[in-house]
Amino acid sequence: MNKYLTIAAVTIKEYSAYRLSFILWRVRIVISVLVTFFLWNAVFDKQTHFAGYQKDTMLTYILVVNFVNSIVLGTKTAEIAGDINDGTIINRLLKPINFLSYYAYRDIGDKLLNLIFAVVEFFLIKTIFNITIVPVVNLPLALAFFATGTIISFFINLALSLIGFWTTEVWAPRFVFLTLVFFLAGSYFPLDLLPKFAYRLLLLTPFPYLVYFPVQIMLGKRLAWQEPLLFSCLWTAITYFIAITMWRRGNKSFSFWGR
Amino acid sequence: MKNFKLFFLFSRNALRTTLQARSGVWFFMIGKICRFAFFFLMILLIFGKTKIVRGYSLPQMLVFYLTFNLIDTTAQILFREVYRFRYQVISGEFDLTLAKPFHPFVKILIGGVDFLDLLLLIPYLLLTLHFAWQTHAVTAFNLVAYFVLLFNSLLIATAFHIVVLALGILTTDVDHTIMIYRDLTGMARFPMQIYQEPLREIFTFIIPVGLMMTFPSQALFNLLKPSFFALAFLISFTMIFLSLRLWNAALKKYQSWGG
């Protein structure tokens, strides 16, 4: 167990070697949050309600989304694809550690660091722009959604990297996924603003369980949580099955010259 | 003339490289179209429930967004090679470019035309004209002013890309300078009026992404003071001048990696 915790710690230390790069990465995230934040702030300029949302609720939603994104979507698994393509993965496979656990713990390190920064950013934006934050409720239930959302995201990202076993064109599918996830997971607006048909259709995909449901549950939006939690667990199982199958098949088909 | 020939030669090579990865081409096109469509739908969604946001109607807001896409896409078409520049510096490939008997900008600035984005430019332009027409504020004079300011925006984009190239030499700590530029310009996806002061002033005049992305649309709607025309050109020429100074300074600091 200790060696895996060390992996998480080393992942955090890696960032300290590239401090400026990491800080600018967080600046980029803050810029992105500010665009969405000010857009919604402008929408509430002349009205107190918008599609059942009050201004405070909407602005809190946008800020909490940044916080949840940092936990759920932050990942180091993207580097696996490059490791497969250039053969570096062989070095990793020869070590006496479980490959998937190695990346799970790298992700934990990554998420922890991003979480710390997200908390600081949250309070900075809240203070600078004087936002009234809606109190957080349903924390235990929100944590359950957090957990399943994080696992789903991990396995999807893992599967996207494992494509590297069969092709060198690994960045393009990830680009599509990232584009989809930011909109369809509810990072820019609560998904229940969509027309009902589109919203219901979206509930069949894994995206709303990554960001939208954890945030809405946390903010106490009266959602029926049983069915979404069931779907969330179902997607956890499906994405796990896909990633593990790809990992096993990829390992069998993989070959690389000696290093 | 020699530089034009080289530009066309590099562009032909860039097209051939793009066509080598056919599945990647499709994924990137899908990703780019989705990203454009999602923001477009978000604007429609907002205006489905409200008539005006910070004084702008739906067609006006769409013209702002489409103009952002026109400028951003044109810059990506022309300056795609900038995205690969850091690798050239850290791998030592840049030495080979410097040793060639032509200006390095022919290769590192405009030497990798992105033909995928070229396909998207036509629908963006047609949609812009369509929604501009719906605002009922467009005159022939405004339209000329719009295109003149679009050209000015491309000058500013050129300056920003030269700055990114210079930073690529001055610091190897940051690996996503170009993406920071993209995020900053993304702030002007919507009119700058949505931002509070002093952010609005900062991102209009000091880091002039607002001037670059939103002035053309304001001119189209006859909302731009004549003095701002002169200011727009003054800022763009100053930026070009300063970026070239920075580039020359960076080049003097460049240390070859040898090989």
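In this report, the structure presented in the accompanying data block is examined.

Conventions used here
Residue positions are counted from 1 within each chain, in the order its sequence is given. Chain letters start at A and ligand numbers start at 1, both assigned in the order the entries are written. This being a predicted model, a pLDDT of at least 70 is required before a residue's local features are given, and a value of 80 or more before pairs of side-chain atoms are given or counted; all residues contribute to the totals for chains, interfaces and linings. Hydrogen atoms and water are omitted, and side-chain values are computed over all heavy atoms in the structure. Under the DSSP-based scheme used, a helix requires at least four consecutive residues in state H or I and a strand at least two consecutive residues in state E, with every element numbered from the N terminus. A simple rule labels every residue: compare its accessible area, found with a 1.4 Å probe on the protein chains alone, to the largest value its type can have, and call it buried under 20%, exposed over 50%, or partly exposed in between. By definition in these notes, contact holds between two residues if any of their heavy atoms fall within 4.5 Å. All accessibility values rest on the Shrake-Rupley procedure with a 1.4 Å probe; residue burial counts only the protein chains present in the view. Charged residues are defined narrowly, with Lys and Arg counted positive, Asp and Glu counted negative, and His plus the chain ends left uncounted. Think of each charge as sitting on NZ of Lys, CZ of Arg, CG of Asp or CD of Glu. Note on definitions: angles span 0 to 180 degrees between N-to-C directions of axes, and those axes are lines fitted to C-alpha atoms, for helices only across the stretch in contact. Note that the term roughly parallel is reserved for angles under 35 degrees, roughly antiparallel for angles over 145, roughly perpendicular for angles of 65 to 115, and oblique for everything else. The crossing is said to be left-handed when, going from far helix to near helix, the turn is anticlockwise and less than a right angle, and right-handed when the turn is clockwise. Here the buried area means the combined drop in accessible surface, using a 1.4 Å probe, for two parts upon being joined, counting both sides. In what follows, salt bridge is the name for a side-chain nitrogen of Lys or Arg lying within 4 Å of a carboxyl oxygen of Asp or Glu. The definition of a nonpolar core used throughout is a set of buried Ala, Val, Leu, Ile, Met, Phe, Trp, Tyr and Cys residues joined through side-chain atoms within 4.5 Å. Classification of ring pairs rests on two measures: the distance between centres of Phe, Tyr or Trp rings, Trp counted by its six-membered ring, which must be within 6.5 Å, and the angle between planes, read as stacked under 30 degrees, edge-to-face over 60 and tilted in between. Lysine and arginine charges are scored as sitting over a ring when NZ or CZ, respectively, is within 6 Å of the ring centre and within 35 degrees of the ring normal. Pairs of N or O atoms within 3.5 Å make up the polar contacts considered here, provided that, within protein, one atom can donate a hydrogen while the other can accept it, and that residues adjacent in sequence are counted only when both atoms are side-chain atoms. Surface patches are defined over residues having more than 30% relative accessible area and no salt bridge, joining like charges when they lie within 9 Å and nonpolar side chains (Val, Leu, Ile, Met, Phe, Trp, Tyr) when within 5 Å.

**Regarding the overall build of chain A**
In terms of regular secondary structure, chain A is built from 11 helices and 2 strands. Dimensions of chain A, computed from the C-alpha atoms along their principal axes, are close to 65 × 40 × 35 Å. Buried residues in chain A amount to 53% of all 259 residues. Once local pairs closer than 6 in sequence are excluded, the contacts in chain A between residues at least 24 apart make up 80%. For chain A, the exposed area adds up to about 12100 Å²; of that, 68% sits on carbon and sulfur atoms. Side-chain charges of chain A comprise 22 positive and 12 negative groups, with the mean position of each set lying 4 Å from the other.

**Details of the packing of helix H11 (residues 209-220) of chain B against helix H12 (residues 226-253) of chain B**
All names here are of chain B. Direction vectors running N to C along H11 and H12 enclose 155°, while the axes themselves pass 12 Å from each other. Relative to H12, the element H11 is oriented roughly antiparallel. Seen from above, H11 lies across H12 with left-handed handedness. Taking contact as the criterion, the partners of Leu211, Phe215 and Ala219 in H11 are, on H12, Phe228, Phe229, Ala232 and Ile235.

**Notes on unusual backbone geometry**
Backbone torsion omega between Glu197 of chain B and Pro198 of chain B reads 5°, so that peptide bond is classified as cis. Within the secondary structure, Pro198 of chain B is located in the loop between helix H9 (177-186) and helix H10 (199-206). A positive phi angle, near 50°, is found at Asn138 of chain A, a position not held by glycine. Position of Asn138 of chain A among the secondary structure elements: in the loop between helix H6 (99-128) and helix H7 (139-162). Unlike most non-glycine residues, His136 of chain B shows phi in positive territory, near 60°. Tracing the backbone shows His136 of chain B in the loop between helix H7 (115-134) and helix H8 (140-170).

**Things to note about the interface of chain A and chain B**
Each partner contributes to the interface: chain A provides 35 residues, whereas chain B provides 35 residues. In this assembly, chain A packs against chain B so that about 3400 Å² is buried in total across both faces, 76% of it on carbon and sulfur atoms. In this assembly, chain A and chain B are joined by 2 salt bridges. With a closest N to O distance of 2.9 Å, Arg54 of chain B and Asp45 of chain A form a salt bridge. Taken together, the elements giving at least two residues each to the side of chain A that touches chain B come down to helix H2 (19-43) and helix H8 (171-184) of chain A. Among the elements that make up the side of chain A that touches chain B, the one with the highest residue count is H2 of chain A (14 residues).

**Section: the pattern of salt bridges**
Residues and elements named next belong to chain B. The full count for this structure, using the stated rule, is 13 salt bridges over all chains. Ionic pairing is found between Arg80 and Asp117, a salt bridge with its closest N-O pair at 3.4 Å. Residue Arg80 is located in the loop between helix H3 (58-79) and helix H4 (85-91), and its partner Asp117 is located in helix H7; the two are separated by 37 residues in the primary sequence. Summarising the burial analysis for this pair, Arg80 and Asp117 share the class buried. Connected through shared salt-bridge partners, Lys32, Arg80, Asp114 and Asp117 make up one network.

**Observations regarding the nonpolar core**
Membership of the largest hydrophobic core comes to 143 residues, with the highest contact counts inside it found for Trp40 and Leu210 of chain A together with Trp247 of chain B. Looking at this core element by element, the count peaks at 13 residues for H8 of chain B. In contact with Trp40 of chain A, other than residues within four places in its own chain, are Phe50, Met58, Leu59, Ile62, Tyr188, Phe189 and Leu193 of chain A together with Met42 and Ile46 of chain B. Counting 21 residues, the second largest nonpolar core, distinct from the first, contains Tyr4, Tyr103, Tyr105 and Trp247 of chain A.

**Considering the packing of aromatic side chains**
Centre distance and the angle of the planes are the two values used to describe a pair of aromatic rings. Tallying each qualifying case throughout the model produces 50 aromatic pairs over all chains. Measuring from ring centre to ring centre gives 5.3 Å for Phe122 of chain A and Phe123 of chain A, while their planes differ by 80°; the resulting arrangement is edge-to-face. On the basis of relative accessible area, Phe123 of chain A is assigned to the partly exposed category, the value being 47%. Consider the rings of Phe39 of chain B and Tyr65 of chain B, whose centres lie 6.1 Å apart with planes at 50°: the pair is tilted. Of this pair, Phe39 of chain B sits in helix H2 (residues 22-47) while Tyr65 of chain B sits in helix H3; the two residues are 26 residues apart in sequence, bridging distant segments of the chain. On the basis of relative accessibility, which here comes to 4%, the residue Phe39 of chain B falls in the buried class. Under the relative-accessibility criterion, Tyr65 of chain B is labelled buried at 1%. Residue placement shows Arg80 of chain B over the ring face of Tyr83 of chain B; its charged tip is 4.4 Å from the ring centre. The ring of Phe10 of chain B carries Lys107 of chain B above its face, with NZ or CZ at 4.9 Å from the centroid.

**Quick word on the side chain of Ser161 of chain A**
Here Ser161 of chain A lies in helix H7. Among the polar contacts listed, one links the side chain of Ser161 of chain A to the backbone oxygen of Thr77 of chain A, at a separation of 2.7 Å.

**Digging into a nonpolar patch on the surface**
A contiguous nonpolar surface patch, about 480 Å² in accessible area, is contributed by Leu234, Ile238, Tyr240, Phe241 and Ile242 of chain A. In this fold, Tyr240 of chain A is placed in helix H11 (residues 226-253).

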